[in-house]
Amino acid sequence: MRDFLAEMDALINNEKTEMKVAQSEFLDFQKVWVNYDHRKEIVGEAQRNGAVIYRKSESGTV
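Predicted model only: the values in this text are computed from it and were never measured. (Residues numbered from 1 in each chain as written. Predicted model: local features only at pLDDT ≥ 70, side-chain atom pairs only at ≥ 80, totals over all residues. Heavy atoms only, no water.)

**Observations concerning the sheet that holds strand 3 (residues 52–56)**
Part 1 of the argument: On the basis of which strands lie adjacent, the open sheet formed by three strands has the order 1-3-2 and antiparallel pairing. Each edge of the open sheet is held by one strand with a lone partner, namely strand 1 (19–21) and strand 2 (42–46). Direction aside, neighbouring strands of the sheet carry axes that sit 30 degrees apart on average.
Part 2 of the argument: Looking at chain direction, strand 1 and strand 3 are connected through three bridges and run antiparallel. Each residue of the ladder has a partner; that of methionine 19, found in strand 3, is tyrosine 54.
Part 3 of the argument: Those strands touched by helix 1 (residues 4–12) are strand 1, strand 2 and strand 3, and its axis lies near 145 degrees from that of strand 1.
Part 4 of the argument: Contacting strand 1, strand 2 and strand 3, helix 2 (residues 26–33) crosses the sheet at an angle of about 125 degrees to strand 1. (Pairing = 2+ DSSP bridges. Helix = DSSP H or I, 4+ residues; strand = E, 2+ residues; numbered from the N terminus. Axes fitted to C-alpha atoms, helices over the stretch in contact; angles between N-to-C directions. Contact = heavy atoms within 4.5 Å.)

See below:
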């Protein structure tokens, strides 16, 4: 299973520009995301295939 917490930390720390979560991984991702302190700083963009690409918000908050 992917370490979504580490990937979100990398987004917040500008070590990554985006992370892609496949439709099949979404429920596992959401369990980590709902308890993540900086979740309001991460924005998701839905794709046609059910995947979501998450990026750090340009403004810092949504």
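Past the structure itself, the notes keep going.
**A short note on the pairing of strand 2**
Part 1 of the argument: Of the strand pairs in this sheet, strand 2 and strand 3 are connected by five bridges, and their pairing is antiparallel. Bridge assignment links isoleucine 42 to a residue of strand 3, and that residue is lysine 56.
Part 2 of the argument: Here strand 2 folds back onto strand 3 in antiparallel fashion, the turn holding five residues, of which glycine 50 has a positive phi close to 95 degrees.

**Structural notes on the nonpolar core**
Part 1 of the argument: One finds Phe4, Met8, Leu11, Ile12, Met19, Val21, Phe29, Tyr36, Ile42, Val52 and Tyr54 forming the largest nonpolar core, which totals eleven residues.
Part 2 of the argument: Sorting the residues of this core by element identifies helix 1, strand 1 and strand 3 as the ones contributing at least two each.
Part 3 of the argument: Ranked by residues supplied to this core, first place goes to helix 1 with four residues.
Part 4 of the argument: When near neighbours in sequence (up to four residues on either side) are disregarded, isoleucine 12 contacts Tyr36, His38, Glu41, Ile42 and Lys56. (Core = buried A, V, L, I, M, F, W, Y, C linked by side-chain atoms within 4.5 Å. Buried < 20%, exposed > 50% of the residue type's maximum accessible area, 1.4 Å probe, protein only.)

**Brief notes about the environment of tyrosine 36**
Part 1 of the argument: Inspection of the secondary structure puts tyrosine 36 in the loop between helix 2 and strand 2.
Part 2 of the argument: In this structure, tyrosine 36 is in contact with Leu5, Met8, Asp9, Ile12 and Ile42, ignoring residues within four places of it in sequence.

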